[in-house]
Amino acid sequence: MFRSIRDITAAILLLSLGIILLFSSFERSQGWTFAGFVYSAFKPIDQTVTFFENKVGKIFHSYLWFVGVGDQNRLLNEEVRRLRMEILSLKEKDLENKRLKKILTLKSKLDYPTLVAQIIGEDASGLFRTILINRGTDDGVFPDMAVTAPEGIVGKIIRSSAAMAQVVMITDPKISVDCRVERTRDRGLLTGSYSYLCILQYLNKEVRLKQGDLVVTSGLDGIFPRGMVAGTIDSIRSSEQGLFVEATVIPGVKISEIEEVIVILGTQGGFSMEPGLEKSP
Amino acid sequence: MRELLFVLFAGWVGLVIQCCILNSIFSMEIKPDLTLLVVVWTGLNGDYLSSLISVFLLGLTQDLLSGAPLGLFPSIYVAAIIFSAYVRDNFHVESLGTSLIITLLISLFCFCLVFISRWFIGQITFEPVMIKIVLIKTILTSLGLIIVKPMLDNAWKGYSRIVGAT
């Protein structure tokens, strides 16, 4: 189908103009007046459009695409929570590692066969000072064995079954441990008290004790080996009868802060005063 | 028999909570005695004979899980059942207030008896702090009944529906 002369003329003119422009652009790539004119004409429009595009884009990104951001936020929160849990777990492992290192250091220092046990429970009635540990007769744990921790002596075994044992702590009035004051070498009997402290009884009246003096086991009770830390002297007073003086002792070990203890297997039924000659379990 | 099993189970749950869980969630040194609450609840609600047997067994377990000499808690719990059965037979004990008073009296009796028995066998000498321990523990245990009693009532209702106990 043929178009009119006017249409054909217009098409030829425009095509020619295009070809002319095309060829002329090779020669004047910079500073060409026509291009400059076109650019100048388009610049404000282009700038305005770009400005609005940016603004609208920002609005879209900031507000209208909140659904995506919400999902991303949820995922990130989940990750933060997971990482926090991981950090807590690592911190817990780090603390456990430090505790076990302390236990191992003490274990290697002791001349007796020992066993590390975990505390699995405390006194059911709350009226006695006892704890339960996860080792029993199957592991060689029997009554009257000494139980200790890196910070100091814990107590002694009073009952044991195949899989667990009960330890009476040095803060229970039932227990008595023969002790010495490390600095002065004075001997006394350490017993528990319901105020979570210990009392060092039957000390000589002429004893010269100071607050902070270390109290260690004497090894003469046949249960605790010699030289183990029991606590530190807090205060001194005359006994009720007036024949002796007694001292309040802060126990070295705080039961709420320990999770593992060492059972000294060599002290079952008493041991020799000379380390190395104790009875084997 | 069904009642006995229920009381034993509830008591043992209480013991496990006291031994292993209560210390980590309760920062105080003195804590309520959940097993005693089970004993009081049994005394006020249960059949006399099965209550006696179940609390005796509970007491034995309590002895083994605490430093008590064997036989102390069974005796105390049996005495508590006798007392609560007497109260139930002679007074109206349905209200929470009455139960609280009975719990208070039984707790006071129980905790005092623990210290007296220890003193009697020469394990301890009197310390003023013991009075504080007994009083605080008694109050905490009695208040614990406000939470434990509805729980035990509901558990008993559910258990009765399942096993057909009355």
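The structure under discussion appears in the preceding block.
Being a predicted model, the structure only gives us computed values, none of them experimental.

Side note on the state of the cysteines
A covalent bond between the sulfur atoms of two cysteines is what we call a disulfide. Residues and elements named next belong to chain B. Applying the stated criterion across every chain yields a total of zero disulfides over all chains. Its sulfur unpaired, cysteine 112 is 9.2 Å from the next cysteine sulfur, which belongs to cysteine 110. Since its relative accessible area comes to 30%, cysteine 112 is described here as partly exposed.

Description of the pattern of salt bridges
Residue and element names in this part refer to chain A. Scanning all chains against the criterion turns up twelve salt bridges over all chains. A salt bridge links arginine 135 to aspartate 139, with the nearest nitrogen and oxygen atoms 3.5 Å apart. Accessibility expressed as a relative area gives 30% for aspartate 139, which makes it partly exposed. Taking the shortest distance from any N to any O, the salt bridge between glutamate 246 and arginine 237 comes out at 3.0 Å. Residue classification places glutamate 246 among the buried positions, given a relative accessible area of 12%. For arginine 237, a relative accessible area of 40% corresponds to the partly exposed category. The network of salt bridges with shared partners includes Arg99, Glu259 and Glu260.

Overview of the environment of isoleucine 133 of chain A
Residues and elements named next belong to chain A. Note that isoleucine 133 resides in strand β2 (residues 130–133). On a C-alpha basis, the gap between isoleucine 133 and glutamate 260 in space is 8.6 Å, while along the polypeptide they are 127 residues apart. Apart from the residues lying within four places of it in its own chain, the contact partners of isoleucine 133 are Ala117, Gln118, Ile119, Ile120, Ile157, Ala163, Met164, Ala165, Val167, Val261 and Val263.

Some details on the interface of chain B and chain A
The figure often quoted for interface size is the accessible area lost as the parts come together. Across the contact, 29 residues belong to chain B and 23 residues belong to chain A. Here chain B packs against chain A, burying approximately 2000 Å² in sum over the two surfaces, 58% of which is carbon and sulfur. Counting across the interface, chain B meets chain A through one salt bridge. The partner of aspartate 172 of chain A in a salt bridge is arginine 118 of chain B, and the shortest N-O contact between them spans 2.6 Å. Where chain B touches chain A, the interface holds ten residue pairs in polar contact (both at pLDDT 80 or more). Contributing elements (two or more residues each) for the side of chain B that touches chain A: α1 (2–25), α3 (48–65), α4 (72–90), α5 (96–120) and α6 (128–163) of chain B. Here the side of chain B that touches chain A takes five residues from α1 of chain B, the largest share from any one element.

The rules behind the values
Residues numbered from 1 in each chain as written. Chains lettered and ligands numbered in written order. Predicted model: local features only at pLDDT ≥ 70, side-chain atom pairs only at ≥ 80, totals over all residues. Heavy atoms only, no water. Disulfide = S-S within 2.5 Å. Buried < 20%, exposed > 50% of the residue type's maximum accessible area, 1.4 Å probe, protein only. Salt bridge = Lys/Arg side-chain N within 4 Å of Asp/Glu carboxyl O. Helix = DSSP H or I, 4+ residues; strand = E, 2+ residues; numbered from the N terminus. Contact = heavy atoms within 4.5 Å. Buried area = accessible area lost by both parts, 1.4 Å probe. Polar contact = N/O pair within 3.5 Å; in protein donor to acceptor, adjacent residues only side chain to side chain.

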